[in-house]
Amino acid sequence: MEGIEYLKKYYKGNIEDAIKRYENGEPVQYIVGDVDFYGNTIKVDKRVLIPRFETEGLCEIALSCLTNTNLNVIDLGTGSGCIPIALKKKLPNINMDAVDISGDALDLAKENAKLNNVEICFYNRDMLNPVDKKYDLIISNPPYLPHDGEIMDIVKNNEPHLALFADNNGYYFYEGILKNYKEHLNDKYVILFEIGYNQGEKVCELSHTYLDCDAVVKKDLQGYDRYVIITSKKN
């Protein structure tokens, strides 16, 4: 749906003001104030990255892995909280934690958890500073754009750079998670990453560097490499 038509359908305020904001380069999702993510209403503003449909695919993979619902799950770099909310809504019995370094983002994530009536334990900390627990599943859509990578102006000019860009040519958080959380995994574990279209091979290499694991790349609905699924050899 085109931007102006989207606003006419979903914006509840003065539509002329909304169109001016859109024409000045503001994303329609921020103007409307919320998005539908995996059937849940998620509030969004400039404190958080706008959830994408590709991340719904990450949630689909996670749900297919969570065969036992009494499991410990953590989302690293949660932003709006869209991922843990989607998982907790489908599987209320999982123990769901979520981490973000941005206190502002976590304030909004907590609002979204309350809006969607789910219990999630939020931690305001660097995602590379592990929570002192052991997990069955780690899921993350971390910042993965290289600082010199291509990015649309509407994204670069509006969405938080903290949630977009990463050092080490985009691999900083993937490597940090694999390195720092290896002692915080149960014997049987799954790690799920959303990745850039050209990062799959390298992320798999990093997983084998730090873990005794299997790792595969999965494509999104558009046919791009988008997810890395890492599983323990004992699975």
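As a reminder, the structure under discussion sits directly above these lines.
This one's a predicted model, so the numbers in the text were calculated from it and none came from an experiment. (Residues numbered from 1 in each chain as written. Predicted model: local features only at pLDDT ≥ 70, side-chain atom pairs only at ≥ 80, totals over all residues. Heavy atoms only, no water.)

**Focus: unusual backbone geometry**
Thinking step 1. Of note in the backbone geometry, Asn168 takes a positive phi value of approximately 55° without being a glycine.
Thinking step 2. On the basis of relative accessible area, Asn168 is assigned to the partly exposed category, the value being 43%.
Thinking step 3. Positive phi outside glycine occurs at Asn169, with the angle close to 60°.
Thinking step 4. With respect to the helices and strands, Asn169 occurs in the loop between α7 (153–156) and α8 (172–180). (Buried < 20%, exposed > 50% of the residue type's maximum accessible area, 1.4 Å probe, protein only. Helix = DSSP H or I, 4+ residues; strand = E, 2+ residues; numbered from the N terminus.)

**Section: the layout of surface pockets**
Thinking step 1. Roughly 160 Å³ of internal volume is contained in the second largest pocket.
Thinking step 2. Listing elements by their share of the lining of the second largest pocket, those giving two or more residues are β6 (135–140) and β7 (185–194).
Thinking step 3. A total of three residues in the lining of the second largest pocket trace back to one element, the largest contributor, which is β7.
Thinking step 4. Looking at the lining of the second largest pocket, its residues break down into six nonpolar, three polar and two charged. (1 Å grid on protein atoms, 1.4 Å probe; cavity = no way out; pocket = protein on both sides within 12 Å on 5 of 7 lines; lining within 4 Å. Points joined across faces, edges and corners; volume = space filled by probe spheres on them. Nonpolar A, V, L, I, M, F, W, Y, C, P; charged D, E, K, R; others polar.)

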